[in-house]
Amino acid sequence: DVEEVIHKPTRVLSLGERMKCEFIMAMLHNPQIVFLDEPTIGLDLVAKDKIREFLTYLNKEKGTTLLVTSHDMADIVTVCNDLIVIDHGNVVFKGPMNQVADIHGRRRFIDVELTQNVTINDERIRILNNNGRKKSFVVDLENISIDEVIGVLTKNAGIEDMQISSTPIEDIIKEIYNAK
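Thresholds applied
Residues numbered from 1 in each chain as written. Predicted model: local features only at pLDDT ≥ 70, side-chain atom pairs only at ≥ 80, totals over all residues. Heavy atoms only, no water. Core = buried A, V, L, I, M, F, W, Y, C linked by side-chain atoms within 4.5 Å. Buried < 20%, exposed > 50% of the residue type's maximum accessible area, 1.4 Å probe, protein only. Helix = DSSP H or I, 4+ residues; strand = E, 2+ residues; numbered from the N terminus. Contact = heavy atoms within 4.5 Å. Axes fitted to C-alpha atoms, helices over the stretch in contact; angles between N-to-C directions. Parallel < 35°, antiparallel > 145°, perpendicular 65-115°, else oblique. Left-handed = near helix turned anticlockwise from the far one by under 90°. Pairing = 2+ DSSP bridges. Salt bridge = Lys/Arg side-chain N within 4 Å of Asp/Glu carboxyl O.

## Re the nonpolar core
Leu55 and Leu83 are the most contacted members of the largest nonpolar core, which totals 25 residues. Mapped onto this core, the elements with two or more residues apiece are helix 1 (15-27), strand 1 (33-37), helix 2 (45-62), strand 2 (65-69), helix 3 (73-79), strand 3 (82-87), helix 4 (97-104) and helix 6 (169-179). For Leu83, the residues in contact, after removing those within four places along its chain, are Ile76, Phe93, Lys94, Gly95, Met97, Val100 and Ile173. Grouped together as the second largest cluster of nonpolar side chains are twelve residues, Ile110, Ile125, Ile144 and Val149 included.

Here it is in structure tokens:
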């Protein structure tokens with residue numbers, strides 16, 4: 001999607017337009033290994049998705065090795081199979097992406113709307129927000145399963161709506177840094 005800027009001088013391009021063009025130039029020769037430093041900086045959401053999709057395609061279909069450094073965790077989560085966390089030159093975590101979540105991301109955040117306001121009396125469920133029928137809490141899967149949480153919630157009320165989310169990768173990375 002750079003047809004409209006292909007004949008413009010580089011100095012008049014926006015950061016996002018320059019990033020797209022530089023990315024295209026880097027990929028022209030079908031490299032076997034690509035080093036990417038903040039590959040989506042300055043790009044709009046649609047362009048970020050296209051770059052990430054293309055990088056995933058390169059890796060899976062062409063066997064291209066990608067080394068990605070980024071503060072945008074979506075770049076890392078979407079594109080990378082393995083993660084290395086470096087702090088002041090020291091490797092503080094190295095392993096598969098799914099392993100980092102298994103080791104550090106055993107919490108689940110739950111937002112629920114119940115059919116009636118009930119009190120949750122289970123020390124394994126930490127209430128973050130209690131707004132009548134709408135509640136937010138966090139659970140550690142080491143201490144309680146999602147099935148057990150649902151059982152506690154439905155003991156005296158029905159569930160109208162429920163959303164379960166994992167620990168954000170940013171929080172997991174912070175935990176890794178703080179654990180050292």
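## Re the packing of helix 1 against helix 2
Packing of helix 1 against helix 2 brings their axes to within 12 Å, and their N-to-C directions diverge by 15°. Regarding the angle of helix 1 to helix 2, the classification is roughly parallel. In the crossing of helix 1 with helix 2, the sense of the turn from one axis to the other is left-handed. Across from Lys20, Phe23 and Met27 in helix 1, the residues of helix 2 making contact are Ala47, Ile51, Phe54, Leu55 and Leu58.

## Section: the pairing of strand 7 (residues 134-140)
Of all seven residues that make up strand 7, five are buried, and the element is covered over most of its length. Here six bridges tie strand 6 (residues 125-131) to strand 7, and the two strands are oriented antiparallel to one another. Following the sheet pairing, Arg126 is matched in strand 7 by Val138.

## With respect to the pairing of strand 3
Two faces make up the sheet, and in a regular strand the side chains alternate between them. Of the two faces of strand 3, the one lined by Leu83, Val85 and Asp87 is fully buried and the one lined by Asp82, Ile84 and Ile86 carries no buried residue. With six bridges joining them, strand 3 and strand 4 (residues 90-96) adopt antiparallel strand pairing. Bridging across to strand 4, Ile86 finds its partner in Val91.

## Structural notes on the pattern of salt bridges
Inspection of the entire model under this criterion finds nine salt bridges. Close ionic contact of Asp72 with Lys48 constitutes a salt bridge, the shortest N to O distance being 3.2 Å. Of the two residues, Asp72 sits in the loop between strand 2 and helix 3 while Lys48 sits in helix 2, which places them 24 residues apart along the sequence. Between Glu160 and Arg133 there is a salt bridge whose closest N-O contact spans 3.1 Å. Of this pair, Glu160 sits in strand 8 (residues 159-166) while Arg133 sits in the loop between strand 6 and strand 7, and the two are 27 residues apart along the sequence. The class of Glu160 is partly exposed, set by a relative accessible area of 49%. Overall, the relative accessible area of 30% leaves Arg133 in the partly exposed class.

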